[in-house]
Amino acid sequence: VALWGTLVEDQRAKGGMELQCDYWELVGPSTAEIEYILAPDSGPDVLLPNRHLVIRGTRTSTVLRLRSIITQCFREHFFDRGYVELTPPTLVDTQCEGGSTLFDFKYYGKDAYLTQSSQMYLETGIPAVGDCFCILPSYRAEKSVTRRHLAEFHHIEAECPFIDFEDLLTRIEDLVCDVIERVITKGGKMLKELNPEMKLLQRPFKRMNYEDAVQYCRDNLIYKDEETKTHFEFGDDIPEGPERKMTDKIGEPILLCRFPASLKSFYMKKCDDDRRLTESVDLLMPGVGEIVGGSMRIHDLQELMDAYQREEMDPKPYYWFTEQRKYGSCPHGGYGLGLERFCCFIMNVHHIRDVCLYPRYYGRISP
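Below: a short report on this structure. Keep in mind the model is a prediction, meaning the values are calculated, not measured.

### Notes on the pairing of strand β7 (residues 132-139)
For β7, the tally of buried residues reaches eight of eight residues, placing the bulk of the element in the interior. Pairing between strand β3 (residues 84-85) and β7: two bridges, direction parallel. Residue pairing across strands places E85 opposite F133, the latter belonging to β7. Pairing of β7 with strand β8 (residues 152-161) involves eight bridges; the strand directions are antiparallel. Each bridged residue has a counterpart across the sheet, and for C132 the counterpart in β8 is E159.

So this is what it looks like as structure tokens:
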């Protein structure tokens, strides 16, 4: 409908303004059946196939508007810090995070994949532009149907030359705290509707090493296997459930550091004081879990070649990545942040699919 009238102040009205309507016009009629498609108690089996109608609702519209502001705030943060935005390809012929979550397809008759991460291409941008970032889709063929997994998500990634591991942690902390402050300033009213408890985060974040996390789980009876009461040991991956229990129990953001090399990707730099470990970090947030993963990158050519061999990888398709070391490199590190998980945290949204326009996850390709 189109409405004509006069806007007047009224403190009783939402937003403090009211339209005193003189007349109206029907622009686009709707059949009455729309009233019966969605109900307040509709479940996912109704809401997801009718997502095109759900997004018309007040709450979902607010979520999408605030997501736009959050994305804008990330770009403003990077530009204010002197980063250059790049646009790496999303159709690739290499893997970045392991073959088990690759979407593969034929690209003019050749084997190709949807990108798992733009990190390796961003690294090649360092000699050209210095600090750089991108905000692009990444794809993981996840078969997990959980409240925080998607097959397509938006990845905010950055690569930074001439930093050390402590600098990397500080940059991740600065990113998250600064963006939250910007969102509170720009989208305060909408944020208050969705998450009235959202406040600025206190710095510095808690630092915790992987080995300390294993010990914390043992001390607090957070088990690897709840049924058999099996404890975590060094070298075990701490999966989503126990990790979230630990994070929620501690109740503050955690920079979880120095994971075993066996748990991390081939390109991560090993710690000088303990070669079993990597200069790696995950940022864990209460209620959501991991929202950032990062590391210092291997910048020594021989160390990278050894990593290919250790992981039984053919280095030939990665020639362009390898040659970054061959023709002059520098110490550098970077990270990737999941935009949807960050949105869930800041808006206090329980399920990740509810912050997407049209979520894509295991079993969902429509609408």
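Still more ground to cover, so stick around.
### Focus: the nonpolar core
Within the largest apolar cluster, 56 residues are counted, with the highest numbers of intra-cluster contacts made by I70, F74, F342 and M347. Examining the composition of this core, we find that ten residues originate from one element, helix α6 (residues 165-186), more than from any other. Ignoring anything within four residues of it in the chain, the contact list for M347 reads V63, L66, R67, I70, L191, L194, N195 and V355. Formed by 15 residues, the second largest nonpolar core is a distinct cluster that contains M208, Y216, M246 and I254.

### Here's the deal with the pattern of salt bridges
Pairing of side chains with opposite charge becomes possible as their charged atoms draw close. Tallied over the entire structure, the rule returns 31 salt bridges. For the salt bridge of R67 with E340, the shortest nitrogen-to-oxygen distance reads 3.0 Å. Of this pair, R67 sits in helix α4 (residues 58-80) while E340 sits in helix α12 (residues 339-347); the two residues are 273 residues apart in sequence, bridging distant segments of the chain. An identical accessibility class is assigned to R67 and E340; each is buried.

### Observations regarding the sheet that holds strand β5 (residues 103-107)
The strands that make up a sheet are held in pairs by hydrogen bonds between backbone atoms, and each pair lies either parallel or antiparallel. Spatial strand order, β4-β6-β5: three strands in an open sheet with antiparallel pairing. Looking at which strands have only one partner, the edges of the open sheet turn out to be β4 (91-92) and β5.

### Re the packing of helix α10 (residues 301-310) against helix α11 (residues 319-326)
For the pair α10 and α11, the least separation of the axes is 8 Å and the interaxial angle reads 150°. By the angle class used here, α10 and α11 are roughly antiparallel. Counting all contacts with α10, which are made through L301, L304, M305 and Y308, the residues of α11 involved are F321, T322, R325 and K326. Within the contact of α10 with α11, the residues separate by chemical class into five nonpolar, one polar and two charged.

### With respect to the packing of aromatic side chains
Following the criterion strictly, the structure yields 15 aromatic pairs and no others. An angle of 15° between the planes, with centres 4.3 Å apart, marks the rings of F78 and F133 as stacked. Here F78 is found in helix α4, whereas its partner F133 is found in strand β7, with 55 residues between them in sequence. Given a relative accessible area of 0%, F133 falls into the buried group. Centre to centre, the rings of W320 and F321 are 6.1 Å apart; their planes meet at 70°, and the pair counts as edge-to-face. Here W320 matches F321 in class, with each residue buried. Aromatic ring contacts, followed pair by pair, group Y121, F266, Y267, Y308, Y318, W320 and F321 into a single cluster.

### Here we look at helix α5 (residues 119-129)
Within α5 the residues assigned to the buried category are Q119, M120, L122, E123, G125 and I126. Of the residues one or two after α5, G130 is the one with positive phi, at around 80°.

### A look at a nonpolar patch on the surface
A surface patch of nonpolar side chains, about 760 Å² in accessible area, is lined by V1, L3, L7, M17, L19, W24 and L26. For the nonpolar patch, the secondary-structure elements that each account for two or more residues are β1 (2-9) and β2 (17-25). In terms of residue count, the dominant contributor to the nonpolar patch is β2 (three residues).

### A closer look at the sheet that holds strand β12 (residues 289-296)
On the basis of which strands lie adjacent, the open sheet formed by eight strands has the order β3-β7-β8-β13-β12-β11-β10-β9 and mixed pairing. Looking at the sheet topology across the chains shown, the edges are occupied by β3 and β9 (206-209). The sheet contact formed by β8 and strand β13 (residues 332-338) spans seven bridges and is antiparallel. Each residue of the ladder has a partner; that of H155, found in β13, is G338. Packing against the sheet, α4 makes contact with β3, β7, β8 and β13, and its axis sits at approximately 145° to β7.

### What about the state of the cysteines?
In this structure the tally under the stated criterion is zero disulfides. Not part of a disulfide, C271 finds its nearest cysteine sulfur in C257, a span of 9.3 Å.

### Overview of the environment of Y358
Residue position: Y358 is located in the segment after α12. Note: C-alpha distance between Y358 and I55 (303 residues apart in sequence) is 9.3 Å. Ignoring sequence-local partners within four residues, the contact set of Y358 consists of R51, H52, I55 and P367.

### Side note on unusual backbone geometry
Cis peptide bonds are those with omega within 30 degrees of zero, and the linkage from R203 to P204 qualifies with -5°. The topology assignment puts P204 in the loop between α7 (188-194) and β9. Omega for the bond connecting S366 with P367 falls within 30 degrees of zero, at -5°, which places this linkage in the cis form. Mapped onto the elements of the fold, P367 is located in the segment after α12. A positive phi angle, close to 55°, is found at L221, a residue other than glycine. Residues other than glycine seldom take positive phi values, yet R258 does so here, at roughly 60°. Assignment of secondary structure puts R258 in the loop between β10 (254-257) and β11 (280-285).

Quick notes on the rules
- Residues numbered from 1 in each chain as written.
- Predicted model: local features only at pLDDT ≥ 70, side-chain atom pairs only at ≥ 80, totals over all residues.
- Heavy atoms only, no water.
- Buried < 20%, exposed > 50% of the residue type's maximum accessible area, 1.4 Å probe, protein only.
- Helix = DSSP H or I, 4+ residues; strand = E, 2+ residues; numbered from the N terminus.
- Pairing = 2+ DSSP bridges.
- Core = buried A, V, L, I, M, F, W, Y, C linked by side-chain atoms within 4.5 Å.
- Contact = heavy atoms within 4.5 Å.
- Salt bridge = Lys/Arg side-chain N within 4 Å of Asp/Glu carboxyl O.
- Axes fitted to C-alpha atoms, helices over the stretch in contact; angles between N-to-C directions.
- Parallel < 35°, antiparallel > 145°, perpendicular 65-115°, else oblique.
- Nonpolar A, V, L, I, M, F, W, Y, C, P; charged D, E, K, R; others polar.
- Phe/Tyr/Trp six-rings, centres within 6.5 Å; stacked < 30°, edge-to-face > 60°.
- Patch = residues over 30% accessible without salt bridge, like charges linked within 9 Å, V, L, I, M, F, W, Y side chains within 5 Å.
- Areas by Shrake-Rupley, 256 points an atom, 1.4 Å probe, with all protein chains shown as cover.
- Disulfide = S-S within 2.5 Å.

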